[in-house]
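Below, each chain spelled out in residue letters.
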Amino acid sequence: EFITVKEFAEKLNKPVAEVIKALIFTGIMAGINQEIDYETAEKAAKSLEVEVVKAKDDSSGISDDDQDDALDVNMEKRPPIVTVMGHVDHGKTSLLDAIRKAKVTESEAGGITQHIGAYTVTLNGEKITFLDTPGHEAFTAMRARGAQATDIVILVVAADDGIMPQTVEAINHCKAAQVPIIVAINKIDVEGANVDRVKQELTEYGLVAEEWGGDTICVPVSAKQRIGIDDLLEMVLLTAEVEELKADPNRKAAGTVVESELDKGRGPVATLLVQKGTLNVGDSILVGTTYGRIRAMFDDKGKKINSAGPSIPVEILGLSEVPQAGDKFNEVKDEKTARGMAEARKIKEKSLQQSTMRVSLEDLYSQVKEGKIQELPIIIKADVQGSIEALKNSLEKLSTDEIKVRVIHGGVGAITETDISLAAASNAVVIGFNVRPDNNAQILAEKDNVYVKTYRIIYHAVDDIKAAMIGMLSPDI
Ligand code: GDP
């Protein structure tokens, strides 16, 4: 990535002369139109005492090198983006409602929240954004599409029920995404609630409560009685502080689609979560394989607004088609450019669909040899818990210096769409032991090119992985 000295000065908001001086200071003689690379720019910026961060290429596997600016300058603190996960009926929806009701209506007079897929609350003058679709399914489906739109996960565990299968799934999905977890131990108002038992169970999954010497924050709450909500939000802000979440608000906007629909009167409507830069009415954007010019923008209270900065969700009108949740969006120069890029992407996506290479046992060896992978993540689904443990132990023992075998998730039951999403998001293979993929999982696995194999005998699975690791897997099994 290169940038001219002039463009660089504009980005930094500094006189060109000063930037040239800074470059000389770092040993580079450069004219106003000369191109410099990122490392050089970084050095110069440092001597000007400006923080520069290289923009990551985060286009959803379909890379358009021209869509993203090379430099994020002037990083500023941004609100955390939170997803709520947990077992069914443990209180995810109730908690999201409790937070919204406690924090939104109280501060914004008469503010009735619209459901746009995300909302922002304020605590002690600091904002927190919540994604309104609870559960790890949406989270991981978005991740499988290349979107990383969650900074912190609140894991809800009912104090009267403890850790359940979907709690474990949620924990593993968070670990695979390397997103920090805060545990909300819910329903403390219910008879039979046992906070300590939940903490005890959590330790089995590597989550040790702070008060027990670990680093997992656990907050007892009652979504129904609105107990502990502020404590929980304070812990979210504290975690955000530690994570040092930052973004440059003064660059072209980029982010992720959270929700979308075709509205009869208004046409395609999408909720965008701005993650970098500032989005304005009138901006032209490229969204997945569609595009548009923003005609109108609304916040989560249904109020018409003109601009939105990092971590703020907005509902927008003006797209030519309905994008998909998890699609990335990028602001581009003008609508014509946006349309051209969208069309190019459509063509590219078609050809990519056939060729996306995910890890598979057949080509594992060559991928390792080419240095493409150092780790083989595996998801195990089985008919009984005992088999998962046995398989996990045998498989992880196969790890070598070149490649580490790691079981990222194990669960009892059929292979589901969520397993396939997790595999797609983590580049993992799925192994079924005495269980099969259900219909939807099968379709998704084919679409996303996820490698799935089922076995009836443990050592067959172990032998296969072992053979795959040394490139000796016979293609007929
Ligand atoms: P979800 O499936 O995780 O979204 O769970 P819900 O939010 O739908 O809650 C499931 C049930 O638990 C509902 O009947 C809620 O009213 C109830 N519930 C949720 N939180 C609490 C709580 O803190 N205390 C009590 N007593 N009930 C709760």
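By the naming in an unreviewed UniProt entry, the protein chain is Translation initiation factor IF-2, taken from Proteiniclasticum aestuarii. If you open the UniProt record of the protein chain and go to Subcellular location (unreviewed entry), you find "Cytoplasm".

Peer 1: So what exactly am I meant to see when it comes to the site of the ligand here?
Peer 2: The ligand sits among 15 residues. The nearest are Asp89, Lys92, Thr93, Ser94 and Asp189. Between a nitrogen atom of the ligand and a side-chain N or O atom of Asp189, the distance comes to 2.8 Å. The greatest single-element share of the shell around the ligand, amounting to three residues, is contributed by helix α4 (residues 92–107). Taken together, the residues that form the shell around the ligand break down as three nonpolar, seven polar and five charged.

Peer 1: Looking at this model, I keep getting lost on a negative patch on the surface. Mind explaining?
Peer 2: On the surface, a cluster of negative charge is contributed by Asp89, Asp160, Asp161 and Asp189. By secondary structure assignment, the location of Asp189 is in the loop between β10 (181–186) and α7 (195–203). On the basis of relative accessibility, which here comes to 33%, the residue Asp189 falls in the partly exposed class.

Peer 1: Got a minute to help me understand the sheet that holds strand β23 (residues 429–433) in this structure?
Peer 2: Strands pair in a sheet through their backbones, by hydrogen bonds, and they do so in one of two ways: parallel or antiparallel. Pairing is parallel across the open sheet formed by four strands, whose spatial order is β22-β21-β23-β24. Only two strands of the sheet have a single neighbouring strand rather than two, namely β22 (404–412) and β24 (452–455). Within the sheet, the average angular offset between the axes of one strand and its neighbour, ignoring direction, is 25°. Where β23 lies against β24, four bridges are found, and the strand directions are parallel.

Peer 1: Looking at this model, I keep getting lost on the layout of surface pockets. Mind explaining?
Peer 2: One simple way to see leftover space: roll a probe sized like a water molecule over the atoms. By volume, the second largest pocket is sized at about 640 Å³. Taken together, 27 residues line the second largest pocket, and the ones lying closest to its centre are Val168, Asn172, Tyr205, His409 and Gly410. Of all the secondary structure elements, the ones that give two or more residues to the lining of the second largest pocket are α6 (165–177), α11 (385–396) and β22. Grouping the amino acids of the lining of the second largest pocket by side-chain chemistry returns twelve nonpolar, eight polar and seven charged.

Peer 1: Looking at this model, I keep getting lost on α7. Mind explaining?
Peer 2: Each α-helix turn comprises 3.6 residues. Residues three or four places apart therefore point the same way. Those residues of α7 that fall on the buried side of the exposure criterion are Val198, Lys199, Glu201 and Leu202. Seen end-on, α7 carries its buried residues on one side only, within an arc spanning 165°. Of the surrounding secondary structure, the elements contacted by the buried residues of α7 are β9 (152–158), β10 and β11 (217–220). Two or three places before Asp196, at the start of α7, stands the capping residue Asn194, its side-chain oxygen 3.3 Å from that residue's backbone nitrogen.

Peer 1: What's the story with the pairing of strand β20 (residues 328–332) in this structure? I'm lost.
Peer 2: For a regular strand, the rule is simple: side chains alternate between the two faces of the sheet. Most of β20 is tucked away, with five of its five residues classed as buried. Neither face of β20 is exposed, since Lys328, Asn330 and Val332 on one face and Phe329 and Glu331 on the opposite face are all buried. The sheet contact formed by strand β13 (residues 254–263) and β20 spans three bridges and is antiparallel. Opposite Thr256, over in β20, you have Lys328 as the bridge partner.

Peer 1: Would you mind showing me how to read a positive patch on the surface here?
Peer 2: Positive charge collects at one region of the surface, where Lys252, Lys333, Lys336 and Arg339 lie side by side. Within the secondary structure, Lys252 is located in the loop between β12 (246–247) and β13. Overall, the relative accessible area of 34% leaves Lys252 in the partly exposed class.

Peer 1: Is there a simple way to explain the sheet that holds strand β16 (residues 284–287) in this structure?
Peer 2: Pairing is antiparallel around the closed barrel formed by six strands, whose spatial order is β13-β14-β19-β17-β16-β20. With direction set aside, neighbouring strand axes in the sheet form an average angle of 45°. Across five bridges, strand β14 (residues 267–276) lies against strand β19 (residues 313–319) in antiparallel orientation. Looking at β19, one finds that Leu273 is bridged to Pro313.

Peer 1: What exactly am I supposed to notice about the side chain of Arg345 here?
Peer 2: Mapped onto the elements, Arg345 comes out in helix α9 (residues 335–355). Under the relative-accessibility criterion, Arg345 is labelled buried at 2%. A polar side-chain atom of Arg345 sits 2.7 Å from the main-chain carbonyl oxygen of Gly288.

Peer 1: Explain the pairing of β22 to me, please; I cannot follow it from the model alone.
Peer 2: As paired elements, strand β21 (residues 375–382) and β22 share eight bridges and run parallel to each other. In the sheet register, Lys381 faces β22, and the bridge partner there is Gly411. Handedness of the β21-α11-β22 crossover: right-handed.

Peer 1: Mind showing me how you'd approach the packing of α6 against helix α12 (residues 417–426) here?
Peer 2: If you want to describe how two helices pack, look at the angle between their axes and the distance between the axes. In the contact formed by α6 and α12, the axes pass within 10 Å of each other and the chain directions differ by 15°. As summarised for this structure, α6 and α12 are arranged roughly parallel, according to the angle between their axes. Between α6 and α12 lies a crossing of left-handed hand. Across from Glu169, His173 and Ala176 in α6, the residues of α12 making contact are Thr418, Leu422 and Ser426. Taken together, the residues of the contact of α6 with α12 sort by class into two nonpolar, three polar and one charged.

Peer 1: Sorry, what's going on with the packing of aromatic side chains here?
Peer 2: The relative placement of two aromatic rings is captured by the distance of their centres and the angle of their planes. The tally for this structure, following the rule as stated, stands at one aromatic pair. Taking the centre distance of 5.6 Å and the plane angle of 25° together, the rings of Tyr119 and Phe130 count as stacked. In this pair, Tyr119 is assigned in strand β7 (residues 118–123) and Phe130 in strand β8 (residues 126–131), connecting sequence segments eleven residues apart. Using a relative accessible area of 0% as the deciding quantity, one classes Tyr119 as buried.

Peer 1: Looking at this structure, how should I read the pattern of salt bridges?
Peer 2: For side chains bearing opposite charge, pairing can occur when the charged atoms are close. Under the criterion given, the structure shown has 17 salt bridges. The salt bridge involving Lys392 is made with Glu396; its shortest N-O contact spans 3.7 Å. One end of the pair, Lys392, and the other, Glu396, are both in helix α11, four residues apart, so they sit about a helical turn from each other. Judged by its relative accessible area of 27%, Lys392 falls in the partly exposed class.

About the thresholds
- Residues numbered from 1 in each chain as written.
- Predicted model: local features only at pLDDT ≥ 70, side-chain atom pairs only at ≥ 80, totals over all residues.
- Heavy atoms only, no water.
- UniProt positions renumbered as here; feature names shortened; annotations may be inferred.
- Near = heavy atom within 4 Å.
- Polar contact = N/O pair within 3.5 Å; in protein donor to acceptor, adjacent residues only side chain to side chain.
- Helix = DSSP H or I, 4+ residues; strand = E, 2+ residues; numbered from the N terminus.
- Nonpolar A, V, L, I, M, F, W, Y, C, P; charged D, E, K, R; others polar.
- Patch = residues over 30% accessible without salt bridge, like charges linked within 9 Å, V, L, I, M, F, W, Y side chains within 5 Å.
- Areas by Shrake-Rupley, 256 points an atom, 1.4 Å probe, with all protein chains shown as cover.
- Salt bridge = Lys/Arg side-chain N within 4 Å of Asp/Glu carboxyl O.
- Lys, Arg positive; Asp, Glu negative; His and termini not counted.
- Charge placed at Lys NZ, Arg CZ, Asp CG, Glu CD.
- Buried < 20%, exposed > 50% of the residue type's maximum accessible area, 1.4 Å probe, protein only.
- Pairing = 2+ DSSP bridges.
- Axes fitted to C-alpha atoms, helices over the stretch in contact; angles between N-to-C directions.
- 1 Å grid on protein atoms, 1.4 Å probe; cavity = no way out; pocket = protein on both sides within 12 Å on 5 of 7 lines; lining within 4 Å.
- Points joined across faces, edges and corners; volume = space filled by probe spheres on them.
- Arc of directions from axis to C-beta.
- Contact = heavy atoms within 4.5 Å.
- Right-handed = clockwise from strand over helix to strand, strands pointing away.
- Parallel < 35°, antiparallel > 145°, perpendicular 65-115°, else oblique.
- Left-handed = near helix turned anticlockwise from the far one by under 90°.
- Phe/Tyr/Trp six-rings, centres within 6.5 Å; stacked < 30°, edge-to-face > 60°.

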